[in-house]
Amino acid sequence: MQVHFSMAVFCTLMAAVVALTACYPAISADVVRLMARTAVGRIKKIKDEHFQMSPEIDFGPETDTPIEGLTSVLAHLGYLQMRLQVPVAHHLRQLQADLETLHNNLEEMAISQGCPLPKAGGNLHKEETAFPITSNYLCLLELQWYLEKLCLNLDKLKSC
């Protein structure tokens, strides 16, 4: 009797896991594109509302961080997320949540493809924390450029 009850509970739990898995389709490039574009739109809004930068200011060339595959995307996105968290800024919370969701979905995609996950990020440089407003603005610029580049290179997500 006890064995039958345990088996029934086990079968019920397995059916629930299968049903939940079927409800959540695999992450596609289209979902990643949509999430990245949403984040880019949010970045533009944040820059307009919270940073009064003169258009004449030149912040240098766009950084050219290559998109080589899922592992490199996860590593660089994780680094940019870490930079946006110092110092804590209320107006960045929704963007940080969006980036966390994007990162988690990319991680799920990497795991499903058997890609190695990057190690946790390193430390921030002193100059990145000495001028927090400028650092946040530069990070937003780099993040915007990187996400726009990611949208143009979604085929790279098929490899590690």
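Please refer to the structure placed before this passage.
Residues numbered from 1 in each chain as written. Predicted model: local features only at pLDDT ≥ 70, side-chain atom pairs only at ≥ 80, totals over all residues. Heavy atoms only, no water.

I keep staring at helix 2 (residues 29-50) and nothing clicks. Help me out?
Think of an α-helix as turning once every 3.6 residues; residues three or four places apart then point the same way. Taking 1.5 Å of rise per residue, 22 residues should cover 32 Å, and helix 2 covers 31 Å from first to last C-alpha, within 8% of that figure. Considering only its buried residues, helix 2 is in contact with helix 4 (93-112) and helix 6 (132-152). (Helix = DSSP H or I, 4+ residues; strand = E, 2+ residues; numbered from the N terminus. Expected span 1.5 Å × (residues − 1). Contact = heavy atoms within 4.5 Å.)

Please explain the state of the cysteines as it appears in this structure.
Disulfide: a covalent bond connecting the sulfur atoms of a pair of cysteines. Scanning the entire structure with this criterion turns up one disulfide. In this model cysteine 115 forms its disulfide with cysteine 160; the gap between the sulfur atoms is 2.1 Å. Between cysteine 115 and cysteine 160 the disulfide shows an S-S torsion of about -85°. By sign, it is left-handed. Highlighted residues: cysteine 115 in the loop between helix 4 and helix 5 (126-130) and cysteine 160 in the segment after helix 6, separated in sequence by 45 residues. (Disulfide = S-S within 2.5 Å.)

Hey, could you run me through the pattern of salt bridges in this one?
Close approach of charged atoms allows side chains with opposite charge to pair. Overall, the coordinates contain three salt bridges when judged by the stated rule. We note a salt bridge from arginine 33 to aspartate 30, for which the minimum N-O separation is 2.9 Å. One end of the pair, arginine 33, and the other, aspartate 30, are both in helix 2, three residues apart, so they sit about a helical turn from each other. The exposure class assigned to arginine 33 is partly exposed, which follows from its relative accessible area of 25%. (Salt bridge = Lys/Arg side-chain N within 4 Å of Asp/Glu carboxyl O. Buried < 20%, exposed > 50% of the residue type's maximum accessible area, 1.4 Å probe, protein only.)

Would you explain the side chain of glutamine 144 in this entry?
For glutamine 144, the location among the structural elements is in helix 6. Among all residues touching glutamine 144, those that are not within four sequence positions of it are Val40, Ile43, Lys44 and Lys47.

Quick question: what am I supposed to make of the environment of glutamate 68 here?
Assignment of secondary structure puts glutamate 68 in the loop between helix 2 and helix 3 (70-84). Under the relative-accessibility criterion, glutamate 68 is labelled exposed at 55%. Between the C-alpha atoms of glutamate 68 and leucine 157, which are 89 residues apart in sequence, the distance is 8.3 Å.

Help me out: how do you make sense of the nonpolar core in this one?
Soluble, globular proteins show a tendency: their nonpolar side chains are buried together. Within the largest apolar cluster, 36 residues are counted, with the highest numbers of intra-cluster contacts made by Val32, Leu95, Leu106, Leu143, Leu147 and Leu157. When residues of this core are traced back to their parent elements, those giving at least two are helix 2, helix 3, helix 4 and helix 6. Considering each element in turn, this core owes the most residues, nine residues, to helix 6. Excluding residues that lie within four positions of it along the chain, leucine 147 makes contacts with Ala36, Ala39, Val40, Ile43, Leu77, Leu99 and Leu102. (Core = buried A, V, L, I, M, F, W, Y, C linked by side-chain atoms within 4.5 Å.)

What is the right way to read the packing of helix 3 against helix 6 from this model?
How two helices pack is summed up by the angle between their axes together with the distance between the axes. Two elements in contact, helix 3 and helix 6, have axes whose closest approach is 9 Å; the angle formed by their N-to-C orientations is 155°. Taken together, helix 3 and helix 6 sit at an angle that is classed as roughly antiparallel. The two elements helix 3 and helix 6 meet at a crossing, and its hand is left-handed. For the pair formed by helix 3 and helix 6, the contact residues are Ser72, Val73, His76, Leu77, Leu80, Arg83 and Leu84 on the first element and Ser135, Asn136, Leu138, Cys139, Leu140, Glu142, Leu143, Tyr146, Leu147 and Leu150 on the second. When grouped by side-chain class, the residues that make up the contact of helix 3 with helix 6 number eleven nonpolar, four polar and two charged. (Axes fitted to C-alpha atoms, helices over the stretch in contact; angles between N-to-C directions. Parallel < 35°, antiparallel > 145°, perpendicular 65-115°, else oblique. Left-handed = near helix turned anticlockwise from the far one by under 90°. Nonpolar A, V, L, I, M, F, W, Y, C, P; charged D, E, K, R; others polar.)

What should I look at first to understand the packing of helix 4 against helix 6 in this one?
Here helix 4 crosses helix 6 at 40°, and the two axes come no closer than 14 Å. Every pair of crossing elements has a handedness; the one defined by helix 4 and helix 6 is left-handed. Side by side, helix 4 and helix 6 meet where Leu95, Leu99 and Leu102 of the first sit next to Leu140, Leu143 and Leu147 of the second. Grouping the constituent residues of the contact of helix 4 with helix 6 by class yields six nonpolar, no polar and no charged.

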